[in-house]
Amino acid sequence: MSNIRLREEICCLYVMLCYFQYSPRSFRLLEELEKGEKGKGPESCSYGLADGDDITMTNWNGTILGPPHSNHENRIYSVAITCGPNYPDVPPTIKFISKINLPCVDDVTGEVKASSFHTLRDWKRSFTMENLLLDLRKEMATPTNKKLKQPAEGTTF
């Protein structure tokens, strides 16, 4: 093998290693994007990129349908999700755009407080944005939270 060919192969391996250093996040987010876009998840929540041109796949939008037999019934809640550079090792941040009254949501900013919400507090790498949205919906349906008085429908943070 010539020295030139060997250098080319080493350069190619170096580029691949650099790429794969960042790829687990990208692969994971691409999987989540595909599932969200194809509607393969439950009908009670949805999510997708906030900007289709966001190659970093950082900013996402989500919706949660309020659970039945609660003060959230027939409501659609909008959220903004931010997947930082260390996602999925570190949980995303999530903020309600639609006003909601839940103990785990800051009543001024709409941010879900990690210390008050078990899914963020006990985050595991295997969790997904879908898990996060579904767990928020379950939180709305708990006996304590399902009867909480809610802000007027259509109001935002």
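Above this text is the structure in question.
So, a few notes on the structure that sits alongside this text. (Residues numbered from 1 in each chain as written. Predicted model: local features only at pLDDT ≥ 70, side-chain atom pairs only at ≥ 80, totals over all residues. Heavy atoms only, no water.)

**Comments concerning the overall build of the protein**
Line of reasoning, step 1. When helices and strands are counted, the protein shows three helices and four strands.
Line of reasoning, step 2. Going from the N terminus to the C terminus, the protein shows its helices and strands as α-β-β-β-β-α-α.
Line of reasoning, step 3. By residue count, 34% of the 157 residues in the protein fall in the buried class.
Line of reasoning, step 4. Long-range contacts, defined as pairs at least 24 residues apart, comprise 54% of the intrachain contacts of the protein with a sequence gap of at least 6.
Line of reasoning, step 5. Accessible area of the protein: about 9600 Å², with a carbon and sulfur share of 55%. (Helix = DSSP H or I, 4+ residues; strand = E, 2+ residues; numbered from the N terminus. Buried < 20%, exposed > 50% of the residue type's maximum accessible area, 1.4 Å probe, protein only. Contact = heavy atoms within 4.5 Å. Areas by Shrake-Rupley, 256 points an atom, 1.4 Å probe, with all protein chains shown as cover.)

**Topic: the pattern of salt bridges**
Line of reasoning, step 1. Tallied over the full model, the rule gives five salt bridges.
Line of reasoning, step 2. The shortest N-O distance in the salt bridge between K35 and E130 comes to 3.5 Å. Of this pair, K35 sits in helix α1 (residues 3–37) while E130 sits in helix α3 (residues 129–140), and the two are 95 residues apart along the sequence.
Line of reasoning, step 3. The class for K35 is partly exposed, based on a relative accessible area of 34%.
Line of reasoning, step 4. A salt bridge links R125 to D89; its shortest N-O distance comes to 2.7 Å. Pair noted here: R125 is in the loop between α2 (118–121) and α3 and D89 is in the loop between β3 (76–82) and β4 (93–96), with a separation of 36 residues, a long-range link.
Line of reasoning, step 5. R125 sits in the partly exposed class, given a relative accessible area of 41%. (Salt bridge = Lys/Arg side-chain N within 4 Å of Asp/Glu carboxyl O.)

**Regarding the side chain of E32**
Line of reasoning, step 1. Along the chain, E32 turns up in helix α1.
Line of reasoning, step 2. In this structure, E32 is in contact with Y47, W60, Y87, T128, M129 and E130, ignoring residues within four places of it in sequence.

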